[in-house]
Amino acid sequence: MEALKIYNSLTQKKELFKPITKGFVGMYVCGPTVYSNVHLGNVRTFMSFDMIYRYLLHIGYKVRYVRNITDAGHLTDDNSEDKISTKARLEKLEPMEIVQKYTVDFHKVLEKYNNLPPNIEPTATGHIVEQIETIQKIIDNGLAYVVNGSVYFDVLKYNEKENYGILSKRIIEDAIENTRTLDGQSDKKNPQDFALWKKAEPEHIQRWNSPWSVGFPGWHLECTVMSTKYLGENFDIHGGGMDLKFPHHECEIAQAKACNHTNPVNYWMHTNMLTLNGKKMSKSTGNNILPNEIYEGTSKLLSKAFSPSVTRFFMMQAHYSSMLDLSNEALLASEKGFNRLMDTLNILENLETSKTSSFNVHNWKQNCYDAMNDDFNTPILIAHLFDAVKNINLIKDKKETITKQDLELLSTTLKAFIYDVLGLENTMASSDNSDVLNGVVEMLIKIRNEAKANKDYALSDEIRDKLKEKGIQLKDSREGTTFTVIN
Ligand code: AMP
Ligand code: ZN
């Protein structure tokens, strides 16, 4: 197995990756709060961990990848409301209908962007019993207290022996100063204490029995409970977006230590944000693009549609820990690069071989692995892939040579990195056929217009609906009918 280095947010250093059990990796990634559609920023984070998962598998690890669904207990930033209950009221649906609706959307989007499913996808509502048990242990260990049916984690007490701030590098005094006194916080001994269990107000629909009150668990708790249950009290990798470092991940460490007396995670990994107009994409501010707006080409910010693979390629061109700004120009540039890469794969199939190689494939292959082993450096990997692109084109033009054996190695390595590790899909095949597709759809539009003229609305609707089933959306306007490929 290759020598992989990972940047550990806990130690703020790149470290040699040593799994707890040789050959096996336990990885936990915080999943979405399913109260609205995922935006492209969320997709970036999940795609970064998908690439990490894919590379770990590629270099031979057996990985247990756990990613949760937050379907209860996530309060708004000012702690005043529960995100899912609020949305349920707004949409006049049951909270579990909200959960179902947006979990389905989340899965659909991630599949569209070719993300592999995790091995276990546990939900907070499915682990209420375990969460109650964990709270009881923390109370028994003297690090949580009960007030008016709610249970709070005693941060100051914990901080006497441990370091609350070990991950976020925040000084506890700063945390106190920066925490405003808000509704419902008056029960707390100290403002930085956080809820493990909240007594439900009468209007709160998601509620469960507990020894303390009819209520619901705090958001931070579920990840501690579910990661411990499926990966053990100490496991290898825990990931999430940068914005989860504090308070969410800091609280996870505190809860786990308070409950199990062990450091829960060996390598903390944090991905950086996708920005739009230089500002973080976010659900709450509305500064975001939805994934379907990109591949359907319906966003006002974009001049055209971009396929999920082009968008994925665009994201892989940045390191997971760097900020990345989405723009029309950047996507157009990525599309050019992506098409060139895919063109080269086609050239590769018909390349002539020679008795000697002037392109050193072994060195090149090592460079690719070195890049990925250096904290999953996909931009450097992609630079090496383009080095191969340049050489393949030179071989095609008879300015370089390659042996049959080297060509085979080049082809399998290149494909493994493009398809298996980066998770790209060759959509060029369909663009090669785009003339045929255009012709066929135009013909169907013409038949539909004739049907309409003959008042045969059953036929015209059937054509529209059948095309939609196949992923082609017709749009009627005064100028005529146009179409977009949505799948
Ligand atoms: P949430 O559903 O809000 O908890 O977010 C799900 C995941 O997406 C978390 O890991 C967040 O850190 C991550 N995330 C949220 N906004 C962005 C963004 N603009 N860019 C990248 N990741 C993000
Ligand atoms: Zn979490």
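For clarity, every value in this text was computed on a predicted model and none was experimentally measured.

**Focus: the coordination of the zinc ion (ligand 2)**
So, point 1. For the zinc ion (ligand 2), the protein coordination sphere consists of Cys-30 (SG), Cys-223 (SG) and His-248 (NE2), at 2.0 to 2.2 Å.
So, point 2. Sequence spacing among the residues donating to the zinc ion (ligand 2) works out to C-x192-C-x24-H. Residue Cys-30 is found in the loop between strand E3 (24–29) and helix H1 (40–58), and its partner Cys-223 is found in helix H7 (residues 219–231); the two are separated by 193 residues along the sequence. Grouping residues by exposure puts Cys-30 and Cys-223 together as buried.

**Here's the deal with the pattern of salt bridges**
So, point 1. Evaluation of the coordinates by the stated rule reveals 19 salt bridges.
So, point 2. Between Asp-50 and Arg-54 there is a salt bridge, and its shortest N-O distance comes to 2.8 Å. Of the two residues, Asp-50 and Arg-54 are both situated in helix H1; the distance of four residues between them amounts to about one turn of the helix. The exposure classification of Asp-50 matches that of Arg-54, with both residues buried.
So, point 3. Residue Glu-91 is joined to Lys-87 by a salt bridge in which the shortest nitrogen-to-oxygen separation is 3.4 Å. With a gap of four residues between them, Glu-91 and Lys-87 both fall in helix H2 (residues 83–91), about one helical turn apart.
So, point 4. Connected through shared salt-bridge partners, Asp-50, Arg-54 and Arg-312 make up one network.

**A short note on the domain arrangement of the protein**
So, point 1. Along its sequence, the protein is carved into domain 1 (5–271), domain 2 (275–421) and domain 3 (431–485).
So, point 2. Measuring from the centre of the C-alpha atoms in domain 1 to the corresponding centre in domain 3 gives 47 Å.

**Regarding the site of ligand 1**
So, point 1. For ligand 1, the set of nearby residues contains 16 residues, the closest of which are Gly-41, Thr-45, Asp-243, Leu-274 and Met-281.
So, point 2. A distance of 3.1 Å separates an oxygen atom of ligand 1 from a polar backbone atom of Gly-241.
So, point 3. A distance of 2.4 Å is found between an oxygen atom of ligand 1 and a side-chain nitrogen or oxygen belonging to Asp-243.
So, point 4. Protein contact buries 94% of the 490 Å² of open area that ligand 1 shows by itself.

**What to know about the nonpolar core**
The nonpolar side chains of soluble globular proteins are, as a tendency, buried together.
So, point 1. Ranked by size, the top nonpolar core spans 86 residues in total, and within it Leu-326, Phe-376 and Leu-385 carry the most contacts.
So, point 2. With ten residues, the top contributor of residues to this core is H1.
So, point 3. Here this core spans two domains, and each of domain 1 (5–271) and domain 2 (275–421) adds at least three residues to it.
So, point 4. The next biggest cluster of nonpolar side chains, apart from the first, holds 37 residues, and it includes Tyr-28, Ile-139, Tyr-164 and Trp-197.

**Some words on unusual backbone geometry**
So, point 1. A cis amide bond, omega 0 degrees, links Phe-246 with the succeeding residue Pro-247.
So, point 2. Mapped onto the secondary structure, Pro-247 falls in helix H8 (residues 245–260).
So, point 3. Of note, the phi angle at Phe-376 is positive, near 55 degrees, even though the residue is not glycine.
So, point 4. When its relative accessible area of 0% is taken as the criterion, Phe-376 is described as buried.

**Focus on the environment of Asn-346**
So, point 1. Position of Asn-346 among the secondary structure elements: in helix H11 (residues 328–349).
So, point 2. When the C-alpha atoms of Asn-346 and Asn-426 are compared, they prove to be 10.0 Å apart, with 80 residues separating the residues in sequence.

**So, the pairing of strand E4 (residues 62–67)**
So, point 1. In the sheet, E3 pairs with E4 via six bridges, with the strands oriented parallel. For Val-25, the partnering residue across the bridge sits in E4 and is Val-63.
So, point 2. For the crossover from E3 across H1 to E4, the handedness is right-handed.

**Points about the sheet that holds strand E12 (residues 279–280)**
So, point 1. With respect to topology, three strands assemble into an open sheet ordered E12-E11-E13, the strand pairing being mixed. The sheet terminates laterally at E12 and strand E13 (324–326), the two strands that pair on one side only.

**Notes on the pairing of E3**
So, point 1. Taking burial as the measure, the six residues of E3 include five buried ones, the bulk of the element.
So, point 2. Alignment of E3 against strand E9 (residues 235–241), held across three bridges, turns out to be parallel. Bridging from a neighbouring strand, Val-29 pairs with Gly-239 of E9.

**A word on the sheet that holds strand E6 (residues 150–153)**
So, point 1. Read from one edge to the other, the open sheet built from four strands follows the order E5-E6-E7-E8, with strand pairing classed as antiparallel. This sheet does not close on itself; its edge strands, each paired only once, are strand E5 (144–147) and strand E8 (215–217). For this sheet, the mean inter-axis angle between neighbouring strands, taken without regard to orientation, is 20 degrees.
So, point 2. Sheet topology places E5 next to E6; four bridges connect them, and they run antiparallel. Bridged to Ala-144 within E6 is Phe-153.
So, point 3. Packed onto the sheet, helix H4 (residues 128–140) meets E5, E6, strand E7 (194–199) and E8 and runs at close to 120 degrees relative to E7.

Here is what the cut-offs are and how they apply
- Residues numbered from 1 in each chain as written.
- Chains lettered and ligands numbered in written order.
- Predicted model: local features only at pLDDT ≥ 70, side-chain atom pairs only at ≥ 80, totals over all residues.
- Heavy atoms only, no water.
- Donors = N, O, S within 2.8 Å, 3.2 Å for Na, K, Ca; no water.
- Helix = DSSP H or I, 4+ residues; strand = E, 2+ residues; numbered from the N terminus.
- Buried < 20%, exposed > 50% of the residue type's maximum accessible area, 1.4 Å probe, protein only.
- Salt bridge = Lys/Arg side-chain N within 4 Å of Asp/Glu carboxyl O.
- Domains from an automatic or database assignment.
- Near = heavy atom within 4 Å.
- Polar contact = N/O pair within 3.5 Å; in protein donor to acceptor, adjacent residues only side chain to side chain.
- Areas by Shrake-Rupley, 256 points an atom, 1.4 Å probe, with all protein chains shown as cover.
- Core = buried A, V, L, I, M, F, W, Y, C linked by side-chain atoms within 4.5 Å.
- Pairing = 2+ DSSP bridges.
- Right-handed = clockwise from strand over helix to strand, strands pointing away.
- Axes fitted to C-alpha atoms, helices over the stretch in contact; angles between N-to-C directions.
- Contact = heavy atoms within 4.5 Å.

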